[in-house]
Amino acid sequence: MYVVKSPLSDADLKTVGEALQGALVDLVDLSLVAKQVHWNVVGPRFRSVHLQLDEVVDTARLHSDTVAERAATLGVSPDGRSATVAQSSGIGDVPDGWVKDADAVQTLVDALGAVIGRMRERIDATGEADPVSQDIFIGITADLEKHHWMFQAENR
């Protein structure tokens, strides 16, 4: 079997690989959480929240692909399987059934906050080990923080 050889040292690859895998899991779960809430949101702000949720889904899916491809580039096999995501995501539980628009907004504030906190840890962890991966985490975090800001502005 062909295995991609990383340009990083084994120690740096371990650090970066764990950061990339953690980011992948969080981004896959974030896209699932946002889509679940998107399907179930109700209330007077339905349309605006519904559309805003799809923007988060698009962002999370775009960045999850970038993260997975970066991992593969470095010789780390990305794992986005549902069992892996369920086991290691940093996002809390999402309510089932219909979700009032205000609760949907709070759910996304909480989910984005959790992912952003973990992304910032990854930025710190990868700075010396791999500035290229760190740069990816910085860009992802900036996009997620923008969504976080917008959902917080919706919160009353």
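Since this is a predicted model, take the numbers as computed values, not measurements.

J.: It is not clear to me how the overall build of the protein chain should be interpreted in this structure. Could you clarify?
T.: Summing up its helical and strand segments, the protein chain has five helices and two strands in all. The order of helices and strands in the protein chain, counted from the N terminus, is α-β-α-α-β-α-α. A compact globule built from 156 residues would reach a C-alpha radius of gyration of about 15 Å, and the protein chain, at 16 Å, matches this within 12%. In terms of overall dimensions, the protein chain has a C-alpha envelope of 55 × 30 × 20 Å along the principal axes. Across the 156 residues in the protein chain, those meeting the buried criterion constitute 48%. Counting contacts in the protein chain only where the partners sit at least 6 residues apart, residues at least 24 apart contribute 84% of the total. Side-chain charges of the protein chain comprise 14 positive and 24 negative groups, with the mean position of each set lying 4 Å from the other.

J.: Looking at this model, I keep getting lost on helix H2 (residues 46-73). Mind explaining?
T.: Side chains three or four residues apart in an α-helix point the same way, a direct result of the helix having 3.6 residues per turn. Here H2 is 28 residues long and its end C-alpha atoms lie 41 Å apart, about the 40 Å a rise of 1.5 Å per residue gives. Following H2 by one or two positions, Gly75 has its phi on the positive side, about 90 degrees.

J.: It is not clear to me how the nonpolar core should be interpreted in this structure. Could you clarify?
T.: Among soluble globular proteins, nonpolar side chains are generally buried collectively. Residues Leu30, Leu108 and Leu144 are the most contacted members of the largest nonpolar core, which totals 44 residues. Taken together, the elements giving at least two residues each to this core come down to helix H1 (10-40), H2, helix H4 (101-126) and helix H5 (131-154). The greatest single-element share of this core, amounting to 13 residues, is contributed by H1. In contact with Leu144, other than residues within four places in its own chain, are Leu27, Leu30, Thr59, Leu112, Val115, Ile116 and Met119.

J.: How should the side chain of Thr107 be read in this particular structure?
T.: Among the structural elements, Thr107 can be located in helix H4. Leaving out residues up to four positions away in the same chain, Thr107 has contacts with Val33, Val37, Val94 and Pro95.

J.: Help me out: how do you make sense of the side chain of Arg70 in this one?
T.: As for its placement among the helices and strands, Arg70 is situated in helix H2. Discounting chain neighbours no more than four positions away, the residues touching Arg70 are Leu20, Asp130, Val132, Ser133 and Ile136.

About the cut-offs
Residues numbered from 1 in each chain as written. Predicted model: local features only at pLDDT ≥ 70, side-chain atom pairs only at ≥ 80, totals over all residues. Heavy atoms only, no water. Helix = DSSP H or I, 4+ residues; strand = E, 2+ residues; numbered from the N terminus. Rg over C-alpha atoms; globule rule 2.2 N^0.38 Å. Buried < 20%, exposed > 50% of the residue type's maximum accessible area, 1.4 Å probe, protein only. Contact = heavy atoms within 4.5 Å. Lys, Arg positive; Asp, Glu negative; His and termini not counted. Charge placed at Lys NZ, Arg CZ, Asp CG, Glu CD. Expected span 1.5 Å × (residues − 1). Core = buried A, V, L, I, M, F, W, Y, C linked by side-chain atoms within 4.5 Å.

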